[in-house]
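# Observations on the three-dimensional arrangement
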Amino acid sequence: MLKVKMLPHLKHFRTEESGIKRVVLAYHQHLPKFDIELTDPEDHNFDVSVAHAGMAGGEPAVSMLHGLYWTADYHADAWEWRANASVIESIRGAKQVTVPSEWVAETLRRDMHLEPHVVPHGIDYRLWNPNADNQGYIL
């Protein structure tokens, strides 16, 4: 069994929803089926460390990100600049980098001269309701 220390861990989330929370929840649900154990974040006995969006102290083996804030294109808040700095620091120290789409990968290829692994995020089709009120949006 491969032991993975993933940050953030499900225990780090409160009741709020976010894209990262949904991804972490899916990993906790599906990775054990592939003989991968997501360890408690306080456990120092793990085989590989994974950090989402620069959320790890130190250098993770794998940096997972969903993209960067386009701070050059608008008047960005200070927290967006700090978030980008954390993600970039994580990318620079990681042995591998994953992104969810070719669109995000192209940004890193162009601006950081690195080749990330594209690991697409999927949807659980059992939870998708195409007849729900979508207010004109589809994701």
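Look a little higher up for the structure.
Now for a quick tour of the structure. (Residues numbered from 1 in each chain as written. Predicted model: local features only at pLDDT ≥ 70, side-chain atom pairs only at ≥ 80, totals over all residues. Heavy atoms only, no water.)

Pro8 follows Leu7 through a cis peptide bond whose omega is 0°. Positionally, Pro8 belongs in the loop between strand E1 (2–7) and helix H1 (19–30). The backbone phi angle of Asp35 is positive, close to 65°, even though this residue is not glycine. Along the chain, Asp35 turns up in the loop between H1 and strand E2 (36–38). (Helix = DSSP H or I, 4+ residues; strand = E, 2+ residues; numbered from the N terminus.)

Membership of the largest hydrophobic core is limited to 12 residues, which are Val4, Met6, Val23, Tyr27, Leu31, Ile36, Leu38, Val48, Val50, Ala61, Val62 and Met64. At the level of secondary structure, the elements contributing two or more residues to this core comprise E1, H1, E2, strand E3 (48–52) and strand E4 (62–64). When neighbours within four sequence positions are excluded, Ala61 is seen to be in contact with Val48, Ser49, Ala94, Lys95 and Gln96. Formed by 9 residues, the second largest nonpolar core is a distinct cluster that contains Ala94, Val97, Ala105 and Leu108. (Core = buried A, V, L, I, M, F, W, Y, C linked by side-chain atoms within 4.5 Å. Buried < 20%, exposed > 50% of the residue type's maximum accessible area, 1.4 Å probe, protein only. Contact = heavy atoms within 4.5 Å.)

Okay, the sheet that holds E1 next. Read across the sheet, 6 strands follow the order E2-E1-E3-E4-E5-E6 without closing on themselves; strand pairing throughout is parallel. Every interior strand has two partners, whereas the edge strands, E2 and strand E6 (117–118), have only one. Note: E4 against strand E5 (residues 96–99), 3 bridges, orientation parallel. Across the sheet, the residue bridging to Ser63 is Val97, located in E5. Helix H3 (residues 102–112) contacts E5 and E6 of the sheet and is inclined by roughly 140° relative to E5. (Pairing = 2+ DSSP bridges. Axes fitted to C-alpha atoms, helices over the stretch in contact; angles between N-to-C directions.)

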